[in-house]
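Below are the chains, spelled out letter by letter.
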Amino acid sequence: MKKGTTAILIACLLGGFFIGMHVPGFKNTIIIDRGDNKLTEVFNIISNNYVDSADIDSMIENSIPKVISELDPHSVYIPAKDVEATNADLQSSFSGIGIRFSIQEDTIHISEIIRGGPSEKVGMLAGDRIVTVNDTTFVGKTCTNDAAMKKLKGPKGSFVKLGIKRYGEKDLLDFTLRRDEIPVESIEAAYIIDNRWGYVQVERFAENTFGEFIRALAMFLENRAEGIIIDLRGNGGGYMNIALEMANQFLNEDDIIVYTEGEHAGKNIERANGYGLFKNTPIVVLVDETSASASEILAGTIQDNDRGTIIGRRTFGKGLVQQPFEFRDGSVVRLTIARYHTPSGRCIQKPYTKGDRDQYDKDLIDRYNRGEYFSQDSIHQNDSLAFKTKKGRTVYGGGGIMPDIFVSSDTADMTKYTQTVFSRGLIAQFTLKYCDSHRPQLSKLKSYQKMTAHLDGQPIVEELIKFAEEKGVAPQPDEIKKSYKVLQRALYSNIIYQMQGMLEHVKFVNLEDPTVLKAIEVLENGEAYPVK
């Protein structure tokens, strides 16, 4: 198939787009006024009778989160000042200068320049450090991630002046940038493995995710991919309707994707329209304990319809639907109004006690302590919550999606020394310095294969050990010997990310990722569809 057919393929795939941008079955964000009730009467009594003056607005702001906290763990109150930041990850773009950065040693380190953005246009480079913003020094303890975002973002068309420290330059470099719209990508890694299998990593379900997903599918079609791996590990969810649109690409007409039900919301069933072009393509979905909400909807519908194989570890277990209710001051209450149910009828929401958020938040730690990340036998299913897939397989509700094939967390070669190096952020610190001092040479290497071939000839682990010792971590020869490969791969992957971006980084990591390797094995053995 010729590359020129991409536009036609995308148009055909978009024919399967059948759901709007809002949660199906529910109203858009609702604007509400405060009415008269006992709570408002209390504030009126205080306002009119209290011995001293009282800041009623502040009392209300402090009271609402406490009221909401008595409900489920996912109902939340968002003050007006925090709404924009809360929604930012799910928007298709934001107005800024076009960089990715990290805070290291109280300084902004630019890790990537976004192609076509304002920073690239003025000549800024990965590895640059931002020292001043609008002629004011911005380093030290006040240089936090939130503070940096506030200073670098701004209205489209506005200007910001940056003072840059660049490796090899004695003086600061001054750049004046005009802020512009910067796309927020939720799919940064999509490629063909072994000339046979399409791999796509979905980081979140945002406004633009479906369009990015369609482009990935079109690329798979062009390259005649024989099967598809959808990686949802680490994907905490997002817009439910985006997950439904993606699922529609793989299901037959009238297959149930999901249904929602609540005391006041009624029951709403979403079905596939049959327009998808991948109804018979072998599918594998990768999940772990941080795959949540919309990720679980997509994995659940693939599993319950016996459409493909789920590989990894039990998902998070968020099966609650939130509806935003907006106050006139811009603040928002996101209230749980219904539960998700997979096609078999199971609710994947894990148990919780109303008002006990702390215990709920400890669940993943409790799973680790029970050994669930390392042994499937440590997971005990509730037989009263057993359901049947379309072809009669038994699946369970009550706490996430259990994969068809379990892959344990790989920590066999981790040692106390390695854990200390990781926990103190020394890998990231070292690779930033290493890339700075070797940037001219490393920048000539355009693929992970060329980068790894180069790094194989360098004493990079030994340099890390010396760096860690300077930071107070004494060498442990026996532990280093056991974890040498772990340290080496961590360094390689970080350097590849710093110098070549996410796609090459993911390609490198996937070479030895046990979950990805199991997915390839399942596809090669013809076991992904139908599930046996």
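Numbering of residues begins from 1 in every chain and follows the order in which that chain's sequence is written. With pLDDT at 70 or above as the cut-off, local features in this predicted model cover only qualifying residues; side-chain atom pairs require 80 or more to be listed or tallied, and sums for whole chains, interfaces and linings still use all residues. Values reported for side chains reflect all heavy atoms of the structure, with hydrogen atoms and water molecules removed beforehand.

Undergrad: I'd like a description of the nonpolar core, backed by residues and values.
TA: Phe213, Ile230, Phe250 and Val285 are the most contacted members of the largest nonpolar core, which has 38 residues in total. In this text, helices come from DSSP runs of H or I with a minimum length of four residues, and strands from runs of E with a minimum of two, each type numbered from the N-terminal end. Elements that contribute at least two residues to this core include exactly α7 (209–222), β13 (227–231), α8 (240–247), β14 (256–262), β16 (283–287), α9 (294–304) and β19 (332–341). A contact between two residues is defined here by any heavy atoms of the two lying within 4.5 Å. Not counting residues within four places of it along the chain, the set of residues in contact with isoleucine 230 comprises Val200, Val202, Phe213, Phe250, Ile283, Val284, Val285, Leu286 and Leu298. In this structure, Tyr417, Ile427, Leu464 and Ile465 belong to the second largest nonpolar core, which totals 28 residues. Only buried residues count toward a nonpolar core. Its members are Ala, Val, Leu, Ile, Met, Phe, Trp, Tyr and Cys residues joined through side-chain atoms within 4.5 Å. Remark: exposure states derive from per-residue accessible area (1.4 Å probe, protein chains only) relative to the maximum for the residue type, with buried under 20%, exposed over 50%, and partly exposed in between.

Undergrad: Go over the sheet that holds strand β11 (residues 189–193), please, and point to the residues and values.
TA: Between any two strands, at least two bridges found by DSSP are needed for them to pair. In space, the six strands of this open sheet follow the order β11-β12-β13-β16-β17-β22, with mixed pairing throughout. Only two strands of the sheet have a single partner each, and these edge strands are β11 and β22 (405–406). Note that strand β17 (residues 309–312) and β22 share two bridges and pair parallel. Counted as the bridge partner of isoleucine 311 is isoleucine 405 from β22. Sheet strands in contact with helix α17 (residues 502–510) are β11 and β12 (197–201), and its direction is about 45° off that of β11. In this analysis an axis means a line fitted to C-alpha atoms, helices contributing only their contacting stretch, and an angle means the value between N-to-C directions, from 0 to 180 degrees.

Undergrad: Outline α9, listing residues and values.
TA: Among the eleven residues that make up α9, eleven are buried, leaving the element largely enclosed by the rest of the structure. Taken together, the buried positions of α9 are occupied by Ala294, Ser295, Glu296, Ile297, Leu298, Ala299, Gly300, Thr301, Ile302, Gln303 and Asp304. Directly beyond the C-terminal end of α9, a positive phi value near 50° is found at aspartate 306.

Undergrad: How would you sum up the packing of α8 against α9? Please name residues and give values.
TA: The interhelical angle for the contact between α8 and α9, taken along N-to-C directions, is 25°, at an axis separation of 8 Å. Comparing their axes, α9 and α8 come out roughly parallel. For α8 against α9, the interelement crossing comes out right-handed. Residue-level inspection shows Met240, Ala243, Leu244, Met246 and Ala247 of α8 in contact with α9, the latter providing Ala294, Ile297, Leu298 and Thr301. In this count, Pro and Cys sit with the nonpolar residues alongside Ala, Val, Leu, Ile, Met, Phe, Trp and Tyr, while Asp, Glu, Lys and Arg are called charged and the others, Gly among them, polar. The class makeup of the residues in the contact of α8 with α9 is eight nonpolar, one polar and no charged. Any angle between 65 and 115 degrees counts as roughly perpendicular, while under 35 counts as roughly parallel, over 145 as roughly antiparallel, and the rest as oblique. Crossings are classed by handedness, with left-handed meaning an anticlockwise turn of the near helix from the far one by less than a right angle and right-handed meaning a clockwise turn.

These results come straight from atomic positions and should not be treated as a statement about function.
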